[in-house]
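Below, each chain spelled out in residue letters.
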Amino acid sequence: MAEPFTVLHGGFHKTATTFLQKSLQRNKGRLLREGTYYVPHRDLRKEFTVPCQQNAYQAIGIKRKTVIDDPTLRGMTKAFFAPIQAKSPTRIILSDENFAGHCGNCVKTGQLYRYRDPFVASFAKETPYPVREIFLSVRNYADFFAAAYVEYFRSLQSDSTNITTSRHMCARVFNHMPGWNGVINVVSKHFPQARIFVWKFEDFVANADMAPKLLQKLAGDAVDVTTFDAPKGNSKRQSASARAMAALELMALTDGVQAVVDQRRDIQSRYPRNKTNGTFDPWSPWERAHLLRLYDRDMARLATNRQVTLLTPDNLG
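Keep in mind it's a predicted model, so treat the numbers as computed, not measured. (Residues numbered from 1 in each chain as written. Predicted model: local features only at pLDDT ≥ 70, side-chain atom pairs only at ≥ 80, totals over all residues. Heavy atoms only, no water.)

## Side note on the side chain of N98
Thought 1: By secondary structure assignment, the location of N98 is in the loop between β3 (91-95) and α5 (103-109).
Thought 2: By relative accessible area, which is 12% here, N98 ends up buried.
Thought 3: Setting aside chain neighbours within four positions, we find N98 in contact with H13, R45, T49 and Q53. (Helix = DSSP H or I, 4+ residues; strand = E, 2+ residues; numbered from the N terminus. Buried < 20%, exposed > 50% of the residue type's maximum accessible area, 1.4 Å probe, protein only. Contact = heavy atoms within 4.5 Å.)

In structure tokens form, the structure reads like this:
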């Protein structure tokens, strides 16, 4: 069969990735009738991204409970893509915001995807076709890490240890100083044939017409996304309030993780985000101002990167 045109929607986290994924998933059958195969992101993560990362940990000498060597990984990834290839699609859409790393690790280390190089390298190596286009969304550093911290608490398990407090996260961020340019340069290094498109989450939120235009770029010209069925349910998850996060942090430190796991939903429901309970923001005013300046500077630099097309409401369409 002819080589399908392969695109990757790689997130990043906390940038409305779920909305785009749900839109593609809801219209998966319609896409396939036009020759485009959307790989459900949960399937891709479980059967492809996670094994690639487990193999990458082994390659860099980090011991994990699950060990996947190169031959085993190759067998797993070939088996995963076999039924997709059997459909003979002309276009394949891959989507997983975890392809460069995990949201919780950003919180724990204060870095943007500490293992991004080996993770992206493994993902790229095992993708059976050259990725032609990559779509990424970024968010200002202060809000990204604040949202990541909320997600970190949502994902805590009973056996989680060494809880990272919000102030510890903030200190670690300033120890490392984040940079989206470094992350995107790693992506371009491992996907040298790909054209990279990047947009700011802030633009996406402020301009409702960006969502359908981005979906059209992901889906390609063969299908009209204006005929798509809307995703079922509310794709936007309410962020935890300042009061809820303060209560959860205190509970984790005094009563332990199990108490958080047992009561976090109740606490977040009891203290919804509103004028009374506030918005969770772990940054001091000067920290937030500095991170916003850094983000603006980095976006200006990203706009000069010849390997990247920075999508805006003005040039998208």
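## What to know about the packing of aromatic side chains
Thought 1: By the definition in use, this model includes 23 aromatic pairs.
Thought 2: Consider the rings of F48 and F123, whose centres lie 5.0 Å apart with planes at 85°: the pair is edge-to-face. Of this pair, F48 sits in helix α3 (residues 41-59) while F123 sits in helix α6 (residues 116-126), and the two are 75 residues apart along the sequence.
Thought 3: Taking 5.8 Å as the distance between ring centres and 80° as the angle between the ring planes, the aromatic pair formed by Y152 and F153 counts as edge-to-face. Considered together, Y152 and F153 belong to a single accessibility category, that of buried residues.
Thought 4: Here the aromatic cluster, defined as three or more aromatic residues joined through ring pairs, consists of F12, F48, F80, F81, F99, Y113, F123, Y141, F144, F145, W180 and Y295.
Thought 5: Here the basic side chain of K28 rests over the ring of Y37, its NZ or CZ set 4.5 Å away from the ring centre.
Thought 6: Against the face of F197 rests K217, its NZ or CZ located 4.6 Å from the ring centre. (Phe/Tyr/Trp six-rings, centres within 6.5 Å; stacked < 30°, edge-to-face > 60°. Lys NZ or Arg CZ within 6 Å of the ring centre and 35° of its normal.)

## Observations concerning the pattern of salt bridges
Thought 1: A complete count under the given rule lists 16 salt bridges for this structure.
Thought 2: Between R74 and E126 there is a salt bridge, with the nearest N and O atoms lying 2.9 Å from each other. Of the two residues, R74 sits in helix α4 (residues 70-86) while E126 sits in helix α6, which places them 52 residues apart along the sequence.
Thought 3: In this structure E126 comes out as buried when scored by relative accessible area, which is 6%.
Thought 4: In this structure, D281 engages R288 in a salt bridge whose closest nitrogen and oxygen atoms are separated by 2.9 Å.
Thought 5: Overall, R288 belongs to the buried group, its relative accessible area being 19%.
Thought 6: Among the ionic contacts, a cluster of salt bridges with common partners joins K14, E151 and R154. (Salt bridge = Lys/Arg side-chain N within 4 Å of Asp/Glu carboxyl O.)

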